[in-house]
Amino acid sequence: MWRGLQRRCPSCGEGKAFRGYLKLTDECSVCHTPLGHIRADDFPPYLTIFIVGHIVIPLVLLVEQTQGWSMTLQLIIWPLVTLVLSLISLPLIKGAVVGLMWALRLRGGDEQALPEASLRS
């Protein structure tokens, strides 16, 4: 997950896992591990909303109680803070989710790879 959080290949940690803002590369340029088949789908945006919400809402409440900013200023500041935090954290969180999925051998499609021990039972 740490390698994914750094947007690096979860296998070797050297190559880049992303070729764009959120688009995975087909394979790592260093170790040639296939990455393009991993589909994180809705989990990274869900985590982003959850984390950013838990950062912004306490800040809104704290500022409201201590600073007394005008409503106009707050309507300008808080959507911008939320947008910036979301745009910064979404690719990092997606990288971490891809790293976790790679470690668990999940693809995100209909058919999931199961550990060998569960196949025998």
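Preceding block: the structure.
Residues numbered from 1 in each chain as written. Predicted model: local features only at pLDDT ≥ 70, side-chain atom pairs only at ≥ 80, totals over all residues. Heavy atoms only, no water.

## Observations concerning the nonpolar core
Formally: Buried Ala, Val, Leu, Ile, Met, Phe, Trp, Tyr and Cys residues that are joined via side-chain atoms within 4.5 Å together make up what is termed a nonpolar core. The classification of residues rests on relative accessible area computed with a 1.4 Å probe and restricted to protein chains. Under 20% of the type maximum is buried, over 50% is exposed, and intermediate values are partly exposed. We call two residues contacting when some pair of their heavy atoms lies within 4.5 Å.
The biggest cluster of nonpolar side chains holds 12 residues, and these are C9, A17, F18, L24, C28, L35, I38, A40, I93, V97, V98 and M101. Here C28 is in contact with C9, C12, G15, T33 and L35, once residues within four sequence places are set aside.

## Considering the environment of L5
Keep this limit in mind: The way it works is that DSSP assigns letters per residue, a run of H or I at least four long becomes a helix, a run of E at least two long becomes a strand, and they are numbered from the N terminus.
Within the element layout of this structure, L5 appears in helix α1 (residues 2-5). On the basis of relative accessibility, which here comes to 33%, the residue L5 falls in the partly exposed class. The spatial distance from the C-alpha of L5 to the C-alpha of P91 is 8.2 Å, given a sequence separation of 86 residues. Those residues in contact with L5 that sit more than four places away from it in its chain are L92, G95 and A96.

## Comments concerning the packing of aromatic side chains
Heads up, the condition is: The criterion for an aromatic pair is that two Phe, Tyr or Trp rings (for Trp, the six-membered ring) have centres within 6.5 Å, with stacked assigned to planes under 30 degrees apart, edge-to-face to planes over 60 apart and tilted to the rest. Working rule: Lys NZ or Arg CZ, within 6 Å of ring centre, within 35 degrees of ring normal, means a charge sits over the ring.
Under the definition given, this model contains 2 aromatic pairs. The interplanar angle of 20° and the centroid separation of 6.5 Å between the aromatic rings of Y46 and F50 together place this pair among those described as stacked. Note that Y46 and F50 are positioned in helix α2 (residues 43-66) at a spacing of 4 residues, about one turn of the helix. Between the aromatic rings of W69 and W78, the centroid separation amounts to 6.0 Å while the plane-to-plane angle is 20°, which identifies the pairing as stacked. Its relative accessible area of 12% is what places W78 among the buried residues. If you follow R7 out to its NZ or CZ, it ends over the ring of F18, 4.3 Å from the centre.

## With respect to the pattern of salt bridges
Close approach of charged atoms allows side chains of opposite charge to pair. Note the cut-off: The salt bridge definition used is simple: a Lys or Arg side-chain nitrogen within 4 Å of an Asp or Glu carboxyl oxygen.
Counted under the stated rule, the structure contains 1 salt bridge. With a shortest N-O distance of 3.2 Å, D41 and R39 are connected by a salt bridge.

## Some details on a nonpolar patch on the surface
Convention followed: Excluding any residue in a salt bridge, patches collect residues exceeding 30% relative accessible area, merging like charges within 9 Å and nonpolar Val, Leu, Ile, Met, Phe, Trp and Tyr side chains within 5 Å. In these tables, accessible area is a Shrake-Rupley quantity obtained with a 1.4 Å probe, and a residue counts as shielded only by the protein chains included in the view.
Side chains of F43, Y46, F50, I51, I55, L59 and L62 sit close together on the surface and give an oily, nonpolar patch of about 650 Å² of accessible area. With respect to the helices, strands and loops of the structure, L62 is situated in helix α2.

## Points about the packing of α2 against helix α3 (residues 71-103)
Put simply, the rule is: Throughout, an axis means a line fitted to C-alpha atoms (over the contacting stretch in the case of helices), and angles, computed between N-to-C directions, take values from 0 to 180 degrees. Crossings are classed by handedness, with left-handed meaning an anticlockwise turn of the near helix from the far one by less than a right angle and right-handed meaning a clockwise turn. We call Asp, Glu, Lys and Arg charged. Ala, Val, Leu, Ile, Met, Phe, Trp, Tyr, Cys and Pro are nonpolar, and the rest, Gly among them, are polar.
Running from N to C, α2 and α3 cross one another at 145°; their axes reach a closest spacing of 8 Å. Between α2 and α3 lies a crossing whose hand is right-handed. Taken together, the residues of the contact of α2 with α3 sort by class into 17 nonpolar, 5 polar and 2 charged.

## Here's the deal with unusual backbone geometry
One non-glycine residue, R7, lies in the positive phi region at around 65°. Structurally, R7 is set in the loop between α1 and α2. With relative accessibility at 23%, the residue R7 sits in the partly exposed group. Even without glycine at this site, D41 takes up a positive phi of about 50°. Residue placement: D41 occurs in the loop between α1 and α2.

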